[in-house]
Amino acid sequence: PTDRRIEAALLRAYERDGYSEEALAIWRQWLERQPSSEHYQAVLKAAQRAGYDVPTYRQSLFDWAASQEQRSERVVGSQKGRTSVDVSVRVRWLVEVEKDQRAALALVMQQGVQCDGRLLLELAKNLPKSQDVQARVLLLRLFESTMPRASTPYTEVLNLVRLALDRMHADDRALWLASLRSQYRAKRNFIKELPIS
């Protein structure tokens, strides 16, 4: 029943012969097993072919993803009652398919959420100059989670430093660079590669 090749053959037959509801059911199963952007787009197209109201069906997919996040909520850190919800699935759909930076930003800026670093980076890089503050918050969050496990040649964290500096005023840049030099002075290769200002 879950053999992907057989399911794919059945899906092609359903789509060829106009069994739109049955095709949608298969696409939905695939999405629930692997909620990628490709599956998300395919489900919406299948829902449209099956005669569903697409905005309503889209909302049902986001509701499903949110319910999955709540089910996989986990405790973070050593503080009792402090939990984290991974919103990566919804953010991926918003960034990669819906192109809705505003909604994605609102989601990742909530308290107690975490998100795939690549998505945070993409979101931060795509924010306009008018949203430098929000981009900086995302980049610093990413830096703080990446730096503890970083090692020579520090390429990834140095890139984050440069991107964050581009979103800061001159005074803030100088202060942050000074704090990095003080906090990470033991990481000589990192300090050596930091921008001067």
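Keep in mind it's a predicted model, so treat the numbers as computed, not measured.

*Asks:* Mind showing me how you'd approach the nonpolar core here?
*Replies:* Side chains of a nonpolar character, in soluble globular proteins, are inclined to be buried together. Grouped together as the largest cluster of nonpolar side chains are 60 residues, with contacts concentrated most on V91, V108, F143 and F190. Apart from the residues lying within four places of it in its own chain, the contact partners of F190 are F143, M147, Y154, V157, L158, V161 and Y184.

*Asks:* Mind showing me how you'd approach the packing of aromatic side chains here?
*Replies:* Aromatic rings in a pair are described by how distant their centres are and how their planes are angled relative to each other. Applying the stated criterion across every chain, the model contains 11 aromatic pairs. Between W27 and W30 the ring centres are 5.1 Å apart and the planes differ by 80 degrees, which places this aromatic pair in the edge-to-face class. Taken together, the residues W27 and W30, both in helix 2 (residues 20-33) and three residues apart, mark about one turn of the helix. Residue W27 is classed as buried on the basis of its relative accessible area of 16%. Residue W30 is classed as buried on the basis of its relative accessible area of 5%. Here Y184 and F190 contribute two aromatic rings whose centre-to-centre distance is 5.8 Å and whose plane-to-plane angle is 85 degrees, an arrangement assigned as edge-to-face. Considered together, Y184 and F190 belong to a single accessibility category, that of buried residues.

*Asks:* When you look at the side chain of E69 in this model, what are you seeing that I'm missing?
*Replies:* Looking at the secondary structure, you find E69 in helix 4 (residues 54-71). A polar side-chain atom of E69 sits 2.6 Å from a polar atom in the side chain of R90. When sequence neighbours within four positions are dropped, the list of residues in contact with E69 reads V85, D86, V87 and R90.

*Asks:* Help me understand helix 5 (residues 88-98), please; the structure alone is not making it clear to me.
*Replies:* Helical geometry: 3.6 residues make up each α-helical turn, so side chains three or four residues apart lie on a common side. Of the positions making up helix 5, those classed as buried are S88, R90, V91, W93, L94, V95 and V97. Directly after helix 5, the chain includes K99, whose backbone phi takes a positive value near 55 degrees.

*Asks:* Would you explain a nonpolar patch on the surface in this entry?
*Replies:* There is a patch of nonpolar side chains on the surface, built from M109, V133 and V137 and spanning about 230 Å² of accessible area. You can see V137 is positioned in helix 8 (residues 132-146). A relative accessible area of 38% places V137 in the partly exposed class.

Conventions and cut-offs
- Residues numbered from 1 in each chain as written.
- Predicted model: local features only at pLDDT ≥ 70, side-chain atom pairs only at ≥ 80, totals over all residues.
- Heavy atoms only, no water.
- Core = buried A, V, L, I, M, F, W, Y, C linked by side-chain atoms within 4.5 Å.
- Buried < 20%, exposed > 50% of the residue type's maximum accessible area, 1.4 Å probe, protein only.
- Contact = heavy atoms within 4.5 Å.
- Phe/Tyr/Trp six-rings, centres within 6.5 Å; stacked < 30°, edge-to-face > 60°.
- Helix = DSSP H or I, 4+ residues; strand = E, 2+ residues; numbered from the N terminus.
- Polar contact = N/O pair within 3.5 Å; in protein donor to acceptor, adjacent residues only side chain to side chain.
- Patch = residues over 30% accessible without salt bridge, like charges linked within 9 Å, V, L, I, M, F, W, Y side chains within 5 Å.
- Areas by Shrake-Rupley, 256 points an atom, 1.4 Å probe, with all protein chains shown as cover.
- Salt bridge = Lys/Arg side-chain N within 4 Å of Asp/Glu carboxyl O.

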